[in-house]
Every structure is written in C-alpha cells, then in structure tokens.
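# Examining the three-dimensional arrangement
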Amino acid sequence: VVSTQSTEAVVSTQSTGGGIILGAACKEGEGEEEEEEEKKTEKPKKKKKGFGERKVMEYENRIREFSTPDKIFRYFATVRVEFENGKKEVFMTPKDFMRSITPGEIQPSNLGLDMYRDIPASKLLEVAGIEDGDESEGPTFLSRLAEHGLISFQDYIFLLTLLSTPKHDCEIAFKMFDLYGDGCVSYQEFLDTRSVLESRSSMGKRHRDNIYSGNTISKDGHSALTKYFFGVDANKKLTLNDFVVFMDGLKEDVFKMEFSKYHPEDGKITEEDFANLLLLHATLSQQAKAKFIRRIRKAYKGDESQGITFEQFMTFTHFLDHLDDVEILVSVYFAAGMKFNKASLRKVAHVVADVELDSHIIDVVFTIFDDNGDELLSSREFISVLKERAHRGLEKPSDTGFVRLITALGACVANYVKGEEL
C-alpha cells in the first residue's frame, strides 16, 4: 500500500492515524531484532546427561575416590608404548591426567580399564604433540611437559603428591636435600625429595607396586619429569625457583581447567558455579550439597549475581594452600569464645596466607556455610569441606569402610585374647 501512494498520501494517512500502524510495525520489527540479539547473547543451556551417561559418571567417580593409584592410572591412561626390547609401558597424556582427577569428566567410550592405543616408542613424542598441542583447549603448562614425553606412572604419583601437598611443605623438603645450600639439587637428591613427599601423601601411602600391570615406582623407568627437570642424561641441576614455578604452573593448569568447565561469561562464573567448585571433592551427602546450592541460588539470583573472576578464584585457592594454619587460628577463635565473622576470615587470610580476600568472595563463603543467617560461622564444617577442596579429595581413605571395620574387629579380638592371657 505504501509503495503505490504518493508522498502526500502518506503524510495525510499519518495525520489520520494510519501512521500508528506503520509505527507499530516498526516497533514490532525492533522487538524481533532485540529478541534475536538476546538469543545470541544468551548463555547456552547445559545438555542434560542421559541415564547411561550418569551411571558411567558415578562409576568413574567411585574409581577416583576409592581405587588404588594403580587402578586409577590404568583406567584413565590411554596410551601404551612398545619399546625396542619388547617391553610395554602405559602412559597418560596431560588431558588423561586432568580427566583422572576431575569428578564428572567421562573417559572416552572406546577406552577404559586396561584398554589403550598401542604405539611404537618412535612415535612417543609425536603422539604427545598431537594430543596436547592445542593450548587453547588443553592444559598449557603440562603441554610443555609433554614435549619431553608422556606421563608415566611414577610421574603420575608425584604430580598427585604435588597437588595434595601444601607449597610450603614441598619447599621445606626441597631445602632439606639441598646438601650444599646453593638452592639446587641433583637428580639423586631429587629422588630423595620425591620419596619423602610421597611418603607423606595419602596417594603415596596407598600405592603398592604392581608387577603384573608394570606400574611400579622405579628410578630406571621412563619419566618425562626427569627429562623436564634434569635433561635427557639427568646431569643438570634443578633450582628451587624452577621447582616452585613448576608447582605453581601445575596447579594453575588444574584451576583453569576447572574454572573453564563452567563456561565463564565475560571472564566470570556464577556464585553457584563457585559453590560447586568448593563442594566438588566434599564427602557430603547429596542432600547436604543440595542444601548449600539452594542457599546460594536463592541469595544470588538475577541482578544479585556479580559473578566470580578467575583472579578472585585463584586468590581463594592460594588461601586454601595454607588451610592447616588457618585451622589452628580458627580453633583459637572458637576456644576463646570469640565470634568468627567476615572480618575474622579476612584477618586470618591476611595473617596466614598474606592475601586480601575479596568482599564478594567472603560473602559467598558465608552464604554457603552460615546455617542460621547470623553472619557467623559457628561450626567447623566449613574447614573440613575446604580441606577436602584443598587436597582435591586425594587424602581420602581408599576403602568404603569395610577394611576399617575388619581392622577394628581384629584389634578387639587381639585385646580380648591379651585380657584372657592376663
């Protein structure tokens, strides 16, 4: 109609009210454009997992939590290398390693326990480059390690030990075997350092050499870490600074992977995502976890949500690295009958870890663990949950309770027999 009318007719039509129709059509068009724009910027909804996928996830989470290091390694490793002497050895790629320590990450469907891709030794470095060359998606620091080979079983145990041991303890062990006090250790001194650290960690204590699977901790095995730290001939020295840089880089790789799993928008994850990260390794019932999540969801919905940046998340994880000292100070607060409020948490973080916790992070932590809403932490439950988070669940017992029950019964019988003899 508009195209067949003259300019004067259009003007007269607008004066009689016809322009309202045209205006409405324009507004409608603008509304459709806005809706399309919203759809583009809308955060993609997470795909719901099917029944079978959930069952596989639960099974693999039980393997991570209760199995021996040998079985966990054999389940999540994907590469088996055959050497010229006919011997075969199983290796992990950096992505395999990340998957083995992250609950909810599912192993590829065609791989599993003692199921590997066989490759010749000549292709070892080539496979490492193919698997982990894309640093935009995979772990960047571990990708540099892959340039020296894939992750052997002895490397796997030591990496787990570094993740579950406070940085300060690792530095002390390093300095203890620095015989000349020059800030460097030789390959042999490093083996002693590694042995001490592994003997203190839960994963190191749980390991038993498996001669059938070939997963043993030996000095003569193929180790990418050894080549990374000491060169091909193991004749270089490792400085404390390089060791600390490696520890920090390893942990940052893991934290980046965890953070990106929640698809951050504008560099931020939601408060609910942050709560899920804190509760990821907690030995709580599903009902208890759901209670925490509901509390966060209610407090930070819609415009109330500010989001959590990766820098805020990293600052909090640095605070968690000093949690043993934090626990002592919190005990002092409770023993003295003092109230542990938000200012107390900020002060403890500053004194112990020398970090300034963001006010928003403190608010979120209190929202999670403050049961009655009085802005006070009246119990130590939050300490136990945060300790499990700091240790990434690697300090849990490796059995479901049956072994401990039998051990306790055995102790009771032994005490009874001693009593009868007396």
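Scoring rules and cut-offs
Residues numbered from 1 in each chain as written. Predicted model: local features only at pLDDT ≥ 70, side-chain atom pairs only at ≥ 80, totals over all residues. Heavy atoms only, no water. Salt bridge = Lys/Arg side-chain N within 4 Å of Asp/Glu carboxyl O. Helix = DSSP H or I, 4+ residues; strand = E, 2+ residues; numbered from the N terminus. Buried < 20%, exposed > 50% of the residue type's maximum accessible area, 1.4 Å probe, protein only. Pairing = 2+ DSSP bridges. Phe/Tyr/Trp six-rings, centres within 6.5 Å; stacked < 30°, edge-to-face > 60°. Expected span 1.5 Å × (residues − 1). Arc of directions from axis to C-beta. Axes fitted to C-alpha atoms, helices over the stretch in contact; angles between N-to-C directions.

Another point: the pattern of salt bridges. Throughout the structure, instances matching the rule amount to 15 salt bridges. The partner of Arg99 in a salt bridge is Asp96, and the shortest N-O contact between them spans 2.5 Å. With Arg99 and Asp96 both in helix H5 (residues 94–100) and three residues apart, the pair spans about one turn of that helix. For Arg99, a relative accessible area of 13% translates into the label buried. Classification of Asp96 as buried rests on a relative accessible area of 3%. Three or more residues joined by partner-sharing salt bridges are found here, namely Asp70, Arg74 and Asp114.

A few words now on the pairing of strand E2 (residues 88–91). Sheet topology note: the strand E1 (residues 79–82)/E2 ladder contains four bridges and is antiparallel. When the sheet's bridge partners are listed, Val81 is paired in E2 with Glu89. Where E1 folds back on E2, the antiparallel hairpin that results is connected by five residues, among which Gly86 adopts a positive phi of roughly 90 degrees.

The subject of this paragraph is the packing of aromatic side chains. Enumeration over the complete set of coordinates arrives at 28 aromatic pairs. Look at Tyr228 and Phe229: their rings are 5.6 Å apart centre to centre, the planes differ by 70 degrees, and that puts the pair in the edge-to-face class. What makes Tyr228 partly exposed here is its relative accessible area of 26%. A relative accessible area of 6% means that Phe229 is categorised as buried. Here Phe316 and Phe319 contribute two aromatic rings whose centre-to-centre distance is 5.6 Å and whose plane-to-plane angle is 45 degrees, an arrangement assigned as tilted. Taken together, the residues Phe316 and Phe319, both in helix H16 (residues 310–320) and three residues apart, mark about one turn of the helix.

For helix H15 (residues 286–299), which comprises 14 residues, the first-to-last C-alpha distance of 20 Å matches the rise-based estimate of 20 Å (1.5 Å per residue) to within 8%. Taken residue by residue, H15 has Ala288, Lys289, Phe292, Ile293, Arg295 and Ile296 as its buried positions. Relative to the axis of H15, the buried residues are bounded by an arc of 155 degrees and lie together on one face. For H15, the exposed residues set more than 90 degrees away from the buried face come down to Gln286, Gln287, Arg294 and Lys298.

The next subject is the sheet that holds E2. In space, the three strands of this open sheet follow the order E2-E1-E3, with mixed pairing throughout. Unpaired on one side and paired on the other, E2 and strand E3 (117–120) mark the two borders of the sheet. Strand after strand, the sheet turns through a mean of 30 degrees between neighbouring axes, direction not considered. For E1 and E3, the ladder comprises four bridges, and the chain directions are parallel. Residue pairing for E3: Arg80 is matched across the bridge by Asp118.

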